[in-house]
Amino acid sequence: MYDAIVVGARCAGSPLGMLLARRGYRVLVVDRATFPSGTLSTHAFAGDACERLDRWGLLDKVLATEITHCKGLQMHVDGRLFEMAIPGPYPLIAPMRTILDKILVDAAREAGAEVREGFSVQELLRDSEGAVCGVRGQLATGAPVTEEARMVVGADGRNSFVAKALAVDEYNTLPARQIAYYSYWSGFKEADYIEFHFKTGFGAAMVFPTNDGLVCMGGGWPVSEFERVREDPEGHVLRQIAAFPAIAERAKDCKREDRLWGWSGYTSYYRKPFGPGWALVGDAGYLKDPTLGQGINDAFRDAEYLAEALDAGWSGREPLDEALAAYQKRRDTETGPIYALNDLMSQGPTPELLEFLLNAAQQMAQAK
Ligand SMILES: Cc1cc2nc3c(=O)[nH]c(=O)nc-3n(C[C@H](O)[C@H](O)[C@H](O)COP(=O)(O)OP(=O)(O)OC[C@H]3O[C@@H](n4cnc5c(N)ncnc54)[C@H](O)[C@@H]3O)c2cc1C
């Protein structure tokens, strides 16, 4: 019998497992993937996400890899450049998920959580009162496994099995806005900034300097373009890059070093993140279009908030339900403004976005 079974071992699941294990709880973290492995996600973050990694003793491990410390964020909108330095002591970085997620999984193990890779959860167990009390699943060998816990946490991402099995309602939903394809490329010149390039009526391109001298480079289009773009994703990405003068020349000698990764867009949502015997964390509980790159930061923050709530409930400092309701409230309150801004950004260069960026640029100039 575990205190918690955490389904999913990436940005939300492994930090949650680590934080609970560090508090002395008995935790099982499972993932159907094995590590190191990639996943559909670019991976830029700064500020709070770095601060949490630092507090958890993991930032040095990420920075010890061959990684570019970006000078800041550049937004090119219809040829106008808006440059934003990242405030605070932490760098803006984009570690590959193969590297970042492995560091997180190892940290959960080192903290004392039991981590089982290649374990696919297929069913939630219920007690006589209907509360979730465990999982049934399968190992990569096909062997069935049953495990019990007083709390099952879905950290299983945007297609969360746990949330679907519990038919958890969504709220504040927003429609899918855009699609993208990206890959990893060598040979990109002067890769110092996280760069976004937007052109009205055309779409977007982005460049993230990452590990080992590579850039993560790709194109974005309105969601209505998916069928057209998927017919020739690489051709579309290269044409997209070539259409932006600020990057076309620097990308001229690029060589693709990985497969193309693509997504067809998805609805953004919040979900109530707890109920009898269960909780949700990371994308399973709160999903937004990836334009602003907030998902990793959100997963780290919510892992920390959920660990605090579970500890408050289990230690008897607060009724568990109240602690979990406070977890939901903190998450929703802190993410509200950026959820709206992210939706604005994901619609490309609208007049509202230009106005926002002009205001932000003026405020930064005044602050200097
Ligand atoms: C295209 C794209 C670009 C993005 N770019 C950025 C960015 O630049 N910056 C940023 O901060 N965020 C970005 N994000 C968002 C970020 O990827 C997510 O917010 C983050 O990965 C959420 O972490 P998670 O742990 O909740 O879920 P995930 O990382 O999706 O992990 C879920 C895990 O659960 C496992 N799992 C699922 N179901 C089961 C099951 N039944 N049994 C066992 N295991 C299971 C999966 O194998 C997976 O390993 C991007 C997302 C996308 C799609």
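Predicted model only: the values in this text are computed from it and were never measured.

Trainee: What should I look at first to understand the overall build of the protein chain in this one?
Mentor: Tallying secondary structure elements over the protein chain gives 11 helices and 19 strands in all. Against the 2.2 N^0.38 benchmark of 21 Å for 368 residues, the protein chain shows a C-alpha radius of gyration of 21 Å, consistent with a compact globule. In terms of its C-alpha atoms, the protein chain occupies a principal-axis envelope of roughly 65 × 45 × 40 Å. Restricting the contact set of the protein chain to residue pairs at least 6 apart, pairs at least 24 apart contribute 72%. Summing over all exposed atoms, the protein chain offers an accessible surface of approximately 15,800 Å²; the carbon and sulfur share of this is 50%.

Trainee: Help me out: how do you make sense of the site of the ligand in this one?
Mentor: Near the ligand, the surroundings consist of 31 residues, among which Arg10, Asp31, Ser41, Thr42 and Asp283 are the closest. Here Ala12 contributes a backbone N or O atom positioned 2.9 Å from an oxygen atom of the ligand. Between the ligand and Val121 there is a distance of 2.9 Å, counted from a nitrogen atom to a backbone nitrogen or oxygen. Protein chains shield 95% of the accessible area of the ligand, which is 1,000 Å² for the free molecule. Considering each element in turn, the shell around the ligand owes the most residues, 3 residues, to strand S6 (residues 119-126).

Trainee: How do you make sense of the layout of surface pockets when you look at a structure like this?
Mentor: Regions of empty space are outlined by a rolling probe, equal in size to a water molecule, passed over the atoms. Taken as a whole, the second largest pocket holds about 220 Å³ of empty space. If you trace the second largest pocket, you find 16 residues lining it, with Gly203, Pro222, Ser346, Gln347 and Gly348 closest to the centre. The set of elements that each furnish at least two residues to the lining of the second largest pocket consists of strand S11 (194-199), strand S12 (203-209) and strand S13 (215-222). Ranked by residues supplied to the lining of the second largest pocket, first place goes to S13 with 3 residues. Across the lining of the second largest pocket, the residue classes break down as 7 nonpolar, 7 polar and 2 charged.

Trainee: Is there a simple way to explain the nonpolar core in this structure?
Mentor: It is characteristic of soluble globular proteins that their nonpolar side chains tend to be buried jointly. Among the nonpolar cores identified, the biggest contains 54 residues, and Leu16, Leu20, Leu53, Val281 and Leu306 are the most heavily contacted of them. Per element, the largest residue contribution to this core is 11 residues, and it comes from helix H9 (residues 295-314). If sequence neighbours within four positions are ignored, Leu20 has contacts with Ala4, Tyr25, Val27, Ala307, Leu310 and Trp314. Counting 26 residues, the second largest nonpolar core, distinct from the first, contains Cys70, Phe82, Met96 and Phe208.

Trainee: What am I meant to see in the sheet that holds strand S16 (residues 268-271) here?
Mentor: The strands making up a sheet associate through backbone hydrogen bonding, with each pair oriented either parallel or antiparallel. Spatially, 3 strands are ordered S9-S16-S19 in an open sheet, and the strand pairing comes out antiparallel. Unpaired on one side and paired on the other, strand S9 (170-174) and strand S19 (286-287) mark the two borders of the sheet. Sheet topology places S9 next to S16; 3 bridges connect them, and they run antiparallel. In the strand pairing of S16, Leu174 is matched with Ser268. Sitting on the sheet, helix H10 (residues 320-345) touches S9, S16 and S19, and the angle it makes with S16 is about 170 degrees.

Cut-offs used in this document
Residues numbered from 1 in each chain as written. Predicted model: local features only at pLDDT ≥ 70, side-chain atom pairs only at ≥ 80, totals over all residues. Heavy atoms only, no water. Helix = DSSP H or I, 4+ residues; strand = E, 2+ residues; numbered from the N terminus. Rg over C-alpha atoms; globule rule 2.2 N^0.38 Å. Contact = heavy atoms within 4.5 Å. Areas by Shrake-Rupley, 256 points an atom, 1.4 Å probe, with all protein chains shown as cover. Near = heavy atom within 4 Å. Polar contact = N/O pair within 3.5 Å; in protein donor to acceptor, adjacent residues only side chain to side chain. 1 Å grid on protein atoms, 1.4 Å probe; cavity = no way out; pocket = protein on both sides within 12 Å on 5 of 7 lines; lining within 4 Å. Points joined across faces, edges and corners; volume = space filled by probe spheres on them. Nonpolar A, V, L, I, M, F, W, Y, C, P; charged D, E, K, R; others polar. Core = buried A, V, L, I, M, F, W, Y, C linked by side-chain atoms within 4.5 Å. Buried < 20%, exposed > 50% of the residue type's maximum accessible area, 1.4 Å probe, protein only. Pairing = 2+ DSSP bridges. Axes fitted to C-alpha atoms, helices over the stretch in contact; angles between N-to-C directions.

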